[in-house]
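Chain by chain, the residues run as shown.
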Amino acid sequence: MRFRRTFGVVAGALVAFAGMPLGAAPAQAASNLCKDASYARVGVYKIMYGGKHRGSIEVYYSSRTQKNCAVAVGVGDFYGRSNYKGVGIRVSGTTKGDNWAELDQAMYKYYAGPVFVKAPGKCIDVYGVMATVTRTVTHKHCG
C-alpha cells in the first residue's frame, strides 16, 4: 500500500513536469515567491544585456498587508545556474543612491528575494541584478 501511494505521487509529479519546455521552471505562484497567497503580480521588468533577456524583476502587491514584494528571477542561462543575483526595494524619494530599504544579493541558482516595503499612497523603486547587469526602475506602482 505504501509503495503504491509513493509511486502515485512520484508519477503524478513526473506527469505534471513532462509538458514543460526543457530548462523551464515550474510556475511560481506569488504565494511561493512572496510567502503569502495574498500577493498578486503587478509588474515585470526585464534585465537585458547584449540584446538578451538575462532576468526579470517581478513586483507583487498585497492589499491585505499593504506591502509590495520584489524578486529578481534569472532567465535562460541565468536560471538554474548559480551566479550573482540581487533585488532591492524602497519607497521612492526616501533614500538616494544605493540605499535600499531591503536588499538581497548573493549567489543564487534561481532568484533573489523576496524583499518587502510598505508604501501606502506612495511610489516604489526596485532594483535587480544578474551577474554584472543591473536595472533600476523608479517611481512605479504608486498608490
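Residues numbered from 1 in each chain as written. Predicted model: local features only at pLDDT ≥ 70, side-chain atom pairs only at ≥ 80, totals over all residues. Heavy atoms only, no water.

Visitor: Honestly, the pattern of salt bridges in this entry has me stumped. Any pointers?
Guide: As a working rule, side chains carrying opposite charge can pair if their charged atoms are close by. This model, assessed by the stated rule, comprises three salt bridges. Between D36 and R64 there is a salt bridge, and its shortest N-O distance comes to 2.1 Å. Residue D36 is found in the loop between α2 (30–33) and β1 (40–49), and its partner R64 is found in the loop between β2 (52–62) and β3 (67–74); the two are separated by 28 residues along the sequence. Note that R90 is salt-bridged to D125, the shortest N-O span being 3.0 Å. In this pair, R90 is assigned in strand β4 (residues 83–91) and D125 in strand β7 (residues 124–130), connecting sequence segments 35 residues apart. Across the pair, exposure class does not vary: R90 and D125 are buried alike. (Salt bridge = Lys/Arg side-chain N within 4 Å of Asp/Glu carboxyl O. Helix = DSSP H or I, 4+ residues; strand = E, 2+ residues; numbered from the N terminus. Buried < 20%, exposed > 50% of the residue type's maximum accessible area, 1.4 Å probe, protein only.)

Visitor: Honestly, the sheet that holds β7 in this entry has me stumped. Any pointers?
Guide: Strand-to-strand pairing in sheets goes through backbone hydrogen bonds, with the strands running parallel or antiparallel. With antiparallel pairing, the four strands of this open sheet are ordered in space as β5-β4-β7-β8. Every other strand in the sheet has two partners, leaving β5 (102–108) and β8 (133–140) as the edge strands with one partner each. Sheet twist, expressed as the mean angle between neighbouring strand axes with direction ignored, is 10°. Pairing analysis gives seven bridges linking β4 to β5, with the strands arranged antiparallel. Within β5, the residue paired with G88 across the bridge is L103. (Pairing = 2+ DSSP bridges. Axes fitted to C-alpha atoms, helices over the stretch in contact; angles between N-to-C directions.)

Visitor: Quick question: what am I supposed to make of the environment of A131 here?
Guide: With respect to the element layout, A131 can be found in the loop between β7 and β8. Sequence separation between A131 and K85 is 46 residues; the distance between their C-alpha atoms is 6.1 Å. Residues contacting A131, with those up to four places away along its chain left out, are F78 and Y84. (Contact = heavy atoms within 4.5 Å.)

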